Amino acid sequence: MVQKFRGVLRIFVVVTLASAVYAVAFNWFFQSNDLTMGGFTGVAQIIHYLLPVLPIGVLTIVMNIPLFIIGVRCMGIKLLLSSLYAMAASSLLLDLVASLFTFQPMEPLLACIYGGALLGISIGLMLLVNATTGGTELLARLLKLRFRHLSIGRLCLICDVIVVLLYAAVFRNVHNALYSIIALYISSLAIDMVIYGSRTAELAYIISGRSAQIGQALLELDMGITLLPATGGFSGDPKQVILCAFKRRQIAVIKAQVHSIDPNAFLIVCQAHEVLGEGFGSYSQESL
């Protein structure tokens, strides 16, 4: 019971913090510089402009209702509760920040860079605890169930850019739309950094005539290795290639160990987008 309470408390703390960052990003960098964040708010602005029947806020809520129904069916009631709180917290903090501070316009490029980064960080934090503010973030979360090969940041970018382009076509404000697309692209990178950053790792391929000694040295450093059978292309001699996944901070130690045992060894290091398994991430059907 205590552990469950701590888990719920953690979700609400993260969502509150993310909502505060979201509110600051919107008021400081987007609202004060006439940039659009896309999303369902942008869609509501377009609908209200063409058919001024309902206010923008009501339209946004109405459009979110079917998404929340689908989301609950696909991912459970937890999504509904956390996202409803995220919507309420972000909305209240948006108005609170706007009432406390009057932000002056700045260089649009600076607004794009810092606004996009803060927006992405806030959305990424919410998505980490299975919450969204609704709109395109929730739509992207649902699309992720179908398009598993696309990152969540890329899906958010696609949805928001479509909205921004429609906004620019209706209101005929191409200049601000172009700046908004830059901000949304930076936001997508920040979202992916927050969500996938902890899962990225480096991958090393080590080719040496002393692979046994190098492998033993890496095992003593508590690193997992795999020995791959190989054949030298020029000599035709049988060889063993050491495959090792490791955290980025461990690269200097690996280089030193390999060089001390075999200065002529081939060491190929590349980045792995995601590593699942002991010591790294774990697979979940609901993972992003």
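So, how was this worked out
Residues numbered from 1 in each chain as written. Predicted model: local features only at pLDDT ≥ 70, side-chain atom pairs only at ≥ 80, totals over all residues. Heavy atoms only, no water. Helix = DSSP H or I, 4+ residues; strand = E, 2+ residues; numbered from the N terminus. Rg over C-alpha atoms; globule rule 2.2 N^0.38 Å. Buried < 20%, exposed > 50% of the residue type's maximum accessible area, 1.4 Å probe, protein only. Pairing = 2+ DSSP bridges. Axes fitted to C-alpha atoms, helices over the stretch in contact; angles between N-to-C directions. Contact = heavy atoms within 4.5 Å. Parallel < 35°, antiparallel > 145°, perpendicular 65-115°, else oblique. Left-handed = near helix turned anticlockwise from the far one by under 90°. Nonpolar A, V, L, I, M, F, W, Y, C, P; charged D, E, K, R; others polar. Patch = residues over 30% accessible without salt bridge, like charges linked within 9 Å, V, L, I, M, F, W, Y side chains within 5 Å. Areas by Shrake-Rupley, 256 points an atom, 1.4 Å probe, with all protein chains shown as cover. Salt bridge = Lys/Arg side-chain N within 4 Å of Asp/Glu carboxyl O.

A. View of the overall build of the protein. In terms of helices and strands, the protein carries ten helices and four strands. N-terminal to C-terminal, the α/β element order of the protein is α-α-α-α-α-α-α-α-β-α-β-β-α-β. A globule of 288 residues ought to have a C-alpha radius of gyration of about 19 Å, yet the protein, at 24 Å, is considerably larger. Dimensions along the principal axes, computed over C-alpha positions, put the protein at roughly 80 × 50 × 35 Å. Scored against the burial criterion, the 288 residues of the protein give a buried share of 42%.

B. Representation of the sheet that holds strand 3 (residues 238-246) within the structure. Pairing in this open sheet of four strands is antiparallel, and the strands run 2-3-1-4 from one edge to the other. Each edge of the open sheet is held by one strand with a lone partner, namely strand 2 (225-231) and strand 4 (266-272). Strand-to-strand, the axes of this sheet are offset by a mean angle of 25 degrees, without reference to chain direction. Where strand 1 (residues 201-207) and strand 4 come together, seven bridges link them in antiparallel fashion. Paired with Ile206 across the bridge in strand 4 is Leu267. Helix 9 (residues 211-220) contacts strand 1, strand 2 and strand 3 of the sheet and is inclined by roughly 20 degrees relative to strand 3. Along the sheet face, helix 10 (residues 251-261) touches strand 1, strand 3 and strand 4 and points at about 160 degrees away from the line of strand 3.

C. Region of interest: the packing of helix 7 (residues 152-171) against helix 8 (residues 174-196). Between helix 7 and helix 8, the shortest axis-to-axis distance is 8 Å and the interhelical angle comes to 165 degrees. Here helix 7 is positioned roughly antiparallel relative to helix 8, judged by the angle of their axes. Our pair here, helix 7 against helix 8, has a crossing hand that is right-handed. Counted together, Ile152, Gly153, Arg154, Cys156, Leu157, Asp160, Val161, Val164, Leu165 and Ala168 of helix 7 and Val174, Ala177, Ser180, Ile181, Leu184, Tyr185, Ser188, Ile191, Asp192, Ile195 and Tyr196 of helix 8 form the full contact between these two elements. A breakdown of the residues in the contact of helix 7 with helix 8 according to their chemical character gives 15 nonpolar, three polar and three charged.

D. Here's a closer look at unusual backbone geometry. Despite not being glycine, Asn130 shows a phi value in the positive range, around 65 degrees. As for its placement among the helices and strands, Asn130 is situated in the loop between helix 5 (108-128) and helix 6 (135-146). Using a relative accessible area of 11% as the deciding quantity, one classes Asn130 as buried. Even without being a glycine, Asp222 presents a positive backbone phi close to 65 degrees. With respect to the helices, strands and loops of the structure, Asp222 is situated in the loop between helix 9 and strand 2. Here Asp222 falls in the exposed class, since its relative accessible area comes to 73%.

E. Looking closely at a nonpolar patch on the surface. There is a patch of nonpolar side chains on the surface, built from Ile47, Tyr49, Leu50, Leu51, Val53, Leu54 and Val62 and spanning about 680 Å² of accessible area. The leading source of residues in the nonpolar patch is helix 2 (residues 39-50), at three residues. Along the chain, the position of Leu50 falls in helix 2. Note on Leu50: relative accessible area 54%, which makes it exposed.

F. Structural detail: the packing of helix 2 against helix 7. Between helix 2 and helix 7, the least distance of the axes is 9 Å, while the angle of their chain directions is 25 degrees. Between helix 2 and helix 7, the interaxial angle falls into the category roughly parallel. With respect to the hand of their crossing, helix 2 and helix 7 are arranged in left-handed fashion. Here Gly39, Gly42, Val43, Gln45, Ile46, Tyr49 and Leu50 of helix 2 lie close against helix 7, whose contacting residues are Asp160, Val163, Leu166, Tyr167, Val170 and Phe171. Of the residues that constitute the contact of helix 2 with helix 7, the class distribution is nine nonpolar, three polar and one charged.

G. Structural view of the pairing of strand 1. For strand 1, the buried fraction is high: five of the seven residues fall into the buried class. As judged from the six bridges shared by strand 1 and strand 3, these two strands associate in the antiparallel manner. Bridge pairing in strand 3 links Ile207 to Val241.

H. Local environment of the environment of Ile162. Looking at the element boundaries, Ile162 is found in helix 7. For Ile162, a relative accessible area of 47% translates into the label partly exposed. Sequence separation of Ile162 and Gln3 is 159 residues, and the distance between their C-alpha atoms is 42 Å.

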